[in-house]
Amino acid sequence: MSDEYINRELSWLEFNQRVLDQAVRTDLPLLERLKFLAITASNLDEFFMVRVGGLQMLRHSGSRVKDISGLTPTRQLKAIRSRVGRMIEDQYRLFHEEILPWMEINGINPLAMEDLSTSQKLTLEQYFNNQIFPLLTPLDMDAPEAPALPSLKLLMGVELRDNETGEMRSAVVALPDGLPRRVPVPSAEAERYVMLEDLVRECIGTVFPGETVLSSAVFRVTRNGDIAVQEEDALDLADEMEEVLVARKFSECVRLEVESSAPAPLHDKIMRIVGAGKEETYDLKGPLMLSDFMEMAFAPGNDQLKVEQWSPQPSPSVDPAVSIFENIAGGDILLNHPYESFEPVLRLVEEAAEDPDVIAIKQVLYRTARNSRIVAALKKAAESGKQVTALVELKARFDEARNLEKAEELQRSGVQVVYGVKGLKTHAKICLVVRREQGMLRRYCHFGTGNYNETTAKIYTDISYLTCDDQLGADASQFFNSVTGRTKLMRFRKLYPSPVLMKARLIELIEGEAERARQGEPARISAKMNSLQDVEIIDALYRAADAGVDIELNVRGICCLKTGPRPNGKVIRVVSIVDRYLEHARIFFFHHGGNHQLFIASADWMTRNLDKRVELMVPVTNGKLARRLKSILDACFRDNVQACNILPDGTSEHVVRKKGQKVFRLQQYLTKEARRLAKDKERERQQMLEPHTPH
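Visitor: How should the side chain of S69 be read in this particular structure?
Guide: Relative to the assigned elements, S69 resides in the loop between helix 2 (30-60) and helix 3 (73-105). Judged by relative accessible area, which is 12%, S69 ranks as buried. Within polar-contact distance, the side chain of S69 engages the side chain of D67 at 2.9 Å.

Visitor: Just to check I follow, could you spell out empty space enclosed by the protein for this structure?
Guide: It is the rolling of a water-molecule-sized probe over the atoms that shows where space remains empty. Scanning the entire structure with this criterion turns up five cavities of 30 Å³ or more. Roughly 120 Å³ of internal volume is contained in the largest cavity. Residue lining of the largest cavity: 13 residues in total, with A41, Q91, Y92, R255 and E257 positioned closest to the centre. Secondary structure elements with two or more residues in the lining of the largest cavity: helix 2, helix 3 and strand 7 (253-259).

Visitor: Help me understand helix 2, please; the structure alone is not making it clear to me.
Guide: Residues that lie three or four places apart on an α-helix share one face, since the helix turns once every 3.6 residues. If you check helix 2, its first and last C-alpha atoms are 43 Å apart, about what 31 residues at 1.5 Å a residue would give, namely 45 Å. A bend of about 35° at F48 is the largest found in helix 2. Most of helix 2 is tucked away, with 23 of its 31 residues classed as buried. Count one or two residues on from helix 2 and you reach G62, which has phi positive near 85°.

Visitor: Got a minute to help me understand the pattern of salt bridges in this structure?
Guide: It is possible for side chains bearing opposite charge to pair when their charged atoms get close. Under the counting rule described, the total for this entry stands at 54 salt bridges. Here E308 and R675 are joined by a salt bridge, their closest N and O atoms 3.7 Å apart. With E308 in the loop between helix 8 (294-298) and helix 9 (324-329) and R675 in helix 18 (residues 666-687), the pair connects residues that are 367 residues apart, well separated along the chain. For R675, a relative accessible area of 26% gives the class partly exposed. Salt-bridge contacts for R573 lead to E552; the nearest nitrogen and oxygen are separated by 3.4 Å. With R573 in strand 21 (residues 571-577) and E552 in strand 19 (residues 550-555), this pair connects stretches of sequence that are 21 residues apart. Look at the salt bridges and you will find they share partners, linking D355, D357, R435, E437 and R442 into a network.

Rules used in this analysis
Residues numbered from 1 in each chain as written. Predicted model: local features only at pLDDT ≥ 70, side-chain atom pairs only at ≥ 80, totals over all residues. Heavy atoms only, no water. Helix = DSSP H or I, 4+ residues; strand = E, 2+ residues; numbered from the N terminus. Buried < 20%, exposed > 50% of the residue type's maximum accessible area, 1.4 Å probe, protein only. Polar contact = N/O pair within 3.5 Å; in protein donor to acceptor, adjacent residues only side chain to side chain. 1 Å grid on protein atoms, 1.4 Å probe; cavity = no way out; pocket = protein on both sides within 12 Å on 5 of 7 lines; lining within 4 Å. Points joined across faces, edges and corners; volume = space filled by probe spheres on them. Expected span 1.5 Å × (residues − 1). Bend = angle between axes of the 7 residues up to and from the residue. Salt bridge = Lys/Arg side-chain N within 4 Å of Asp/Glu carboxyl O.

Laid out in structure tokens, this is it:
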């Protein structure tokens, strides 16, 4: 088994390396490079909380169960530590040798306290006394019981000496949340700042009157975030989730990051109080929490250091002059985000909230925007007397607190809220609007590959499908009946939900291509997804390739399938694209004897999605829309600028452009295409003269 598959965790780390490779590119503007560097740091935070945390729990339980690549939890952790160590070295080498020098040239680098004038220091000390000091709470590191330190926060350990007794002790102070990491320096120059931790270090003595600060070190602890809700014992899932959120803040340490300049005694004491061993400890040669530099990439100004803005375009399939219901009734609509605006999806819910003919709205919410227009519209609909049902997934990792808050808001407005499905995460992207038209009920549906989040819809690539197809509408009703009323997920006409139908249908389609290949017929599978890990799907793909099926996969992140030639010489090609937007759409194509089968889905080809979550796979049978979907999928494999080929060992290499081959960059191509179509439609509308007629 181990020779057939790539380890999931190491595959994910290779994806993060592809993100880091973008930060290395000298042809990108400075702040775009800084953005990618910050993303790699943020990615590692979640990786340690969830994946490393889970493996550490398995190791402590004594588990020696091997993963699909043949590695025990202990061996996986060892391999992860080694690979992460190299990645961190690359991150900080890049930061010091390339990013910082260019920041200095452009006048946006952090200043050291010793570089400031006396008046600047005095002003900053005043800021410290007024804005920071009241928020600091020192904790004794020498107390019999170690202080409980929160996860993923900047902390400062200090060694102190009593000025009267000479007694030595240590303390720790958490740097306050809610303050900018970059503290502006009063200066004639536009953008000068010091790092928050440097200012605190300079002034920390005022927190400890009568003592001398001998040394200090900034550190950060990452705790296990893979804490599951024990649903069988939970009388109230919302209360149980709140307990989990508290537990996550103070759970077992899975990573300790410390400034490499920390003196040995203080360093060792920090390790001891957080419970970190040598293998969990990373000494960093630079500022901790590089993810905070993301803010610089999006802050106003310094446009010359950023990439050109790409704005979402209005869809030519949607006429803004008529209602969204009239648009959908005129024909199914396919939207390619973020190249095309997410506005029609928002319009569906917002117009439904106000339309007197709308009777009911049902929607699944997995991750929403902070000030969500969707949530506001659902509240408004309920307050106006419409039947509104929202399935709010409380187990959406790291969005649990926000979802709890939104669920309570919705309930107060009269929305019928369901907290997901027992034992499963509900990850499907579906909205159903029931409208009375000419004495009949008509169902309008939105199916998507991404969340109902207008913020991420501008930076994630996703597909939206808007339809009033009768059979899909009936299936949507059946789906909501199943997840809210505990009826069985069965008897669907067109939809394929997981965990009951989707995997079986995918394997059936893959095996169908294999059988056609054995009969000498053309056979092809092309698919786009975030991750590929499910062994049954991978094995089916191996069998199909061995039968002669042409297989091309666009997998952004984890890929446990081994590429390279099969025994018959057939190669399964896997490409990964990392570019300005996060590739997030799931699109599946099967040649099917010339009767092409195309689907969009909320699910990746991972066991968690196919067996342990409520997901949806939706067929796109409208000829025009199916052809468009196929053209988007085909374009993924033409990219020769941002694409990498995944190699048999799980690493990757950039696609090499052949001699004479035209440059093709997927995201740039789709951006230009969306602009062209929007302009053509606008020109067409301007040329149409519509007379006003008396009513």
